[in-house]
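Summary of the model geometry
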Amino acid sequence: MFNVVEAGIPETHAGWHRLRFFVIRKLDIGSRTMSPYSFEKDVIRPYTRARDDPRVPFTAAGPDAQLDRETLAFLARHENFRLAVANRTVWLSEILDFYREDFVPRPAASIVEYANRYAPEQARPSSTR
C-alpha cells in the first residue's frame, strides 16, 4: 500500500510499468531495503509455505479468524468462484492458478479441494477453468 501511496497506481501492470512498480522500486521494510516483488517472494511466500497456509495474516491477534473471514468473502464473489452444476465445471480466480504451488500439493491435493474449504457451495467437478 505504501508503494501505491508513494508512486501512485500505475495505469497498467504490463511491461515497463510492472517492472518499475514491483521490481525497480525499493522500499524500507523493517531493517531491509527491497522491492515489493522481493518482499513477496523472499518474505511473505516462504512464511505462508512454512505454515502450509497460503493465506497471509493481517495482525498478530486472531489471524485465523481474519483469514477465514477474508477467504470466505473472496470465494463468495462471483468473479472468484462459480459452479456450473449441469456440466460439472468450476471457475476459480486466476490468482489461485498463478500461485498454484502455494496451494497444491500442500495444504490441499488440488485447487478445487482448497476452494471447497471456503466456497459457498461444494464443487465436485470433472474439470476446472
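That block above? That's the structure.
Residues numbered from 1 in each chain as written. Predicted model: local features only at pLDDT ≥ 70, side-chain atom pairs only at ≥ 80, totals over all residues. Heavy atoms only, no water.

What follows is about unusual backbone geometry. Residues apart from glycine generally show negative phi values, whereas peptide bonds are mostly found in trans. Here the residue pair Val104 and Pro105 is connected by a cis peptide bond, since its omega of 5° sits within 30 degrees of zero. Relative to the helices and strands, Pro105 resides in the loop between α6 (100-103) and α7 (111-116). Across the junction of Arg106 and Pro107, the peptide omega takes the value 10°, indicating a cis bond. The topology assignment puts Pro107 in the loop between α6 and α7. Of note, Asp52 is a non-glycine position whose phi angle comes to about 55°, a positive value. Examined against the element boundaries, Asp52 turns out to sit in the loop between α3 (36-50) and α4 (63-76). Accessibility expressed as a relative area gives 29% for Asp52, which makes it partly exposed. Its identity as a non-glycine residue notwithstanding, Arg88 has a phi of 50°, on the positive side. (Helix = DSSP H or I, 4+ residues; strand = E, 2+ residues; numbered from the N terminus. Buried < 20%, exposed > 50% of the residue type's maximum accessible area, 1.4 Å probe, protein only.)

Going through the model one piece at a time under the given rule, you end up with 14 salt bridges. As a salt-bridge pair, Asp64 and Arg51 come within 3.6 Å of each other at their nearest N and O atoms. Placement of Asp64 in helix α4 and of Arg51 in the loop between α3 and α4 is noted, with a sequence separation of 13 residues between them. Notably, a salt bridge pairs Glu70 with Arg69, separated by 2.9 Å at the nearest N-O pair. Glu70 sits in the partly exposed class, given a relative accessible area of 35%. (Salt bridge = Lys/Arg side-chain N within 4 Å of Asp/Glu carboxyl O.)

Before going further, it helps to examine the packing of aromatic side chains. The full count for this structure, using the stated rule, is four aromatic pairs. An aromatic cluster is present here, built from Phe103, Tyr114 and Tyr118 joined pairwise through their rings. (Phe/Tyr/Trp six-rings, centres within 6.5 Å; stacked < 30°, edge-to-face > 60°.)

Bridge analysis of strand β3 (residues 81-84) against strand β4 (residues 89-92) gives four bridges, and the strand direction is antiparallel. Along β4, the bridge assignment pairs Arg82 with Trp91. Connecting β3 to the next strand, β4, in antiparallel fashion are four residues, including Arg88 with a positive phi near 50°. (Pairing = 2+ DSSP bridges.)

On the surface, Trp16, Leu19, Val23, Ile24 and Tyr37 cluster together to form a nonpolar patch covering roughly 460 Å² of accessible area. Here the element with the most residues in the nonpolar patch is helix α2 (residues 15-24); it accounts for four residues. Relative to the assigned elements, Val23 resides in helix α2. (Patch = residues over 30% accessible without salt bridge, like charges linked within 9 Å, V, L, I, M, F, W, Y side chains within 5 Å. Areas by Shrake-Rupley, 256 points an atom, 1.4 Å probe, with all protein chains shown as cover.)

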